[in-house]
Structures are given as structure tokens and as C-alpha cells.
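Remarks on the overall topology
Each chain, written out:
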Amino acid sequence: LSLENDLRKALVKEEFEVYYQPQLDLNTNRIVSVEALLRWHHPEKGFVSPADFIPLAEETGLIVPIGEWVLRESCKQTKKWRNQGHDISISVNLSNQQLISNHIVELVKEILIENQLDPQYLTLEITESLAITNLTDTLNKLKKLQEIGVTIALDDFGTGYSSLSYLSTLPINFVKIDKSFINDICDKTKREIVKSVSRIASSRGLTVVAEGVEEEEQIYIIQSLGIGMIQGYYLSKPVPSKEMEKKFLEKL
Ligand code: G
Ligand code: G
Ligand code: MN
Ligand code: NA
């Protein structure tokens, strides 16, 4: 309960920070995008992992204002990077509750306009669990977001109640294959699954992203499976904006 109280105050007390993790396009060998990942600097506990506070934020509904802040903050940062001449896109996690909220499409539009960021540079990551609740409403919102030019990515694919049929029924542009599959990519069975997902996704015109790439050897296999983009510790862990600039953007 005390953590919940602290979480309620965290936005006003400006204890949140957005970290960024690069995504590499294997065809051009360029960092084309970064994923925004929220961090909480708790006044006493120090760094609280999102794995611990995101579920709490979702239970309490606090994820709605917090998620709005992440979206605004990361779009602002991306516009700044683009103004500096870096051709970079932003990928932001969207929680179930944010998508359910009535004004989500208007909110996304508003934040893009506010930052003068072209919708083509924003990707919203949704998860499979979110896809099955309020299906008709969810599908409509996702379609509207695509209509305004925003990219939709299906995150953590292969976990939970994943289904290959999502790849042909959901209005999505990207599919991010969960790191558990990439971790075991040397295992023949896992590799066959990833291969199937990649083939079906490609036939639908979806871009496939491999998450959790840690070793160089994984990249050769990933590339042979027709996967176009990678993300993971091999490139970098999520880092603050300044570090992102130093490590990746200044070289462009
Ligand atoms: O970043 P890791 O960086 O430890 O993130 C842990 C979990 O928290 C992941 O499942 C990630 O998707 C989720 N997460 C991180 N930032 C955000 C955010 O801004 N919004 C939502 N909804 N989830 C986030
Ligand atoms: O659930 P989502 O995919 O949005 O969150 C990504 C999560 O994966 C974050 O917690 C992020 O820090 C973590 N992550 C990113 N790259 C790697 C990696 O190479 N290995 C592992 N173990 N975790 C990673
Ligand atoms: Mn994600
Ligand atoms: Na993921």
C-alpha cells in the first residue's frame, strides 16, 4: 500500500525517467528506432524495477496518467533528436488500460501535434493479452491509429495466449518475437517456431523484430530466418537519453 501511495505521487515529484534501447535494422545496419522504457527513481528505495511497479500501476489505473507522461516525454525527445538531424523513430509501450480509455486516439494525435512529430515516427507496442479484451473496440482504435499514420507493434509475441492467427487478424505492422525464443534460438524446435512466425509475418507484410538479442552468433541465425530488426543487450541495455546520444546518435 505504501508503494502504491508513493507511485501516486511519483509523477508530480518528477521521479520518473524514460530510458531508451536501440533497435537495429539488419538490412541497412542502422539504428532506426529506440524503445522507450520507463524507470522510477524512488526517494528511499532507489531504483524500482518496472517489473515491480508497472503491474501495480495497471491494477490501480495509475498507468493511464503515467503512460501519457511516457508518450509525451518520449515524443518530445524524439522530436529533439530529429531536429538535431538523427533519423530516428520511437517505440512506446501501450498498456491495456490506455487502449481501453476512450480518448486514446485523440490523445496520441494531440501529443504528436504538440511536438510536431510526424506519426510515421511513432510506434505503439501492444501485447497479446490486451488484444483479446474488448476486441471490437480495441480493433477500431488500432485501425484509427494506423489511419493517422502510427505504426502498431505486437510485443512479446509467443508468450501468454499467443496465437498465429493474430498475425492475420490484428491490425498490426510489426511483430516483436519474445526474448525467450531468441534466447533459445540455437535449439532446433524453437528455431522452427520462430521460422514459421517469421514466414507468416513476412507474407502479411509485417516487419519482424527479434527481442533480447545478446550474442553475435544469434544474429546470423536470426538473419537466416528472414528477421529484419534486432533489439537487445548485444546492442545496448536501455540507457538514459544522454547516454543514447553519446553511444549511438553522435556518430550518425
Ligand atoms: O525495461 P524493462 O526495461 O525492465 O521493463 C520491464 C517491463 O515493463 C516490460 O514488460 C516493459 O514492457 C514494461 N514497461 C517498461 N516501460 C513501460 C511503459 O512505459 N509502459 C508500459 N505499459 N510498460 C512498460
Ligand atoms: O516487455 P517489453 O518487451 O516491452 O520489455 C522489454 C524488456 O526486455 C525490458 O525489461 C528490457 O530491459 C528487457 N531487455 C531488453 N533487451 C534484453 C536482452 O537482451 N536480454 C534480456 N534478458 N532482457 C532484455
Ligand atoms: Mn516493448
Ligand atoms: Na517484449
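Residues numbered from 1 in each chain as written. Chains lettered and ligands numbered in written order. Predicted model: local features only at pLDDT ≥ 70, side-chain atom pairs only at ≥ 80, totals over all residues.

If you look the chain up in an unreviewed UniProt entry, it shows as EAL domain-containing protein from Lysinibacillus composti.

Turning next to the packing of helix α5 (residues 104-114) against helix α7 (residues 135-147). Contact geometry for α5 and α7: axes closest at 10 Å, N-to-C directions at 20°. As summarised for this structure, α5 and α7 are arranged roughly parallel, according to the angle between their axes. When you trace α5 past α7, the crossing you get is right-handed. Residues I104, V105 and V108 of α5 form the contact with α7, whose participating residues are K141, K144 and L145. Of the residues belonging to the contact of α5 with α7, the class tally is four nonpolar, no polar and two charged. (Axes fitted to C-alpha atoms, helices over the stretch in contact; angles between N-to-C directions. Helix = DSSP H or I, 4+ residues; strand = E, 2+ residues; numbered from the N terminus. Parallel < 35°, antiparallel > 145°, perpendicular 65-115°, else oblique. Left-handed = near helix turned anticlockwise from the far one by under 90°. Contact = placed C-beta atoms within 7 Å. Nonpolar A, V, L, I, M, F, W, Y, C, P; charged D, E, K, R; others polar.)

Turning to the site of ligand 1, a few remarks are in order. Around ligand 1, the structure places L37, L38, S49, P50, A51, I54, I63, G67, V70, N93, S95 and P238. Contributions of two or more residues to the shell around ligand 1 are made by β2 (30-42), α2 (50-60) and α3 (63-83). The residue makeup of the shell around ligand 1, split by class, is eight nonpolar, four polar and no charged. (Near = placed C-beta within 6 Å.)

We now examine the packing of helix α1 (residues 2-10) against α2. In contact at an axis separation of 11 Å, α1 and α2 are set at 80° when each is read in the N-to-C sense. Regarding the angle of α1 to α2, the classification is roughly perpendicular. Facing α1, whose interface residues are L3, E4 and L7, α2 presents F53, L56, A57 and T60. Split into classes, the residues belonging to the contact of α1 with α2 amount to five nonpolar, one polar and one charged.

Moving on, we come to the site of ligand 2. Of all residues adjacent to ligand 2, which total 13 residues, the nearest are N93, G212, E214, G232 and Y233. A per-class count over the shell around ligand 2 returns four nonpolar, four polar and five charged.

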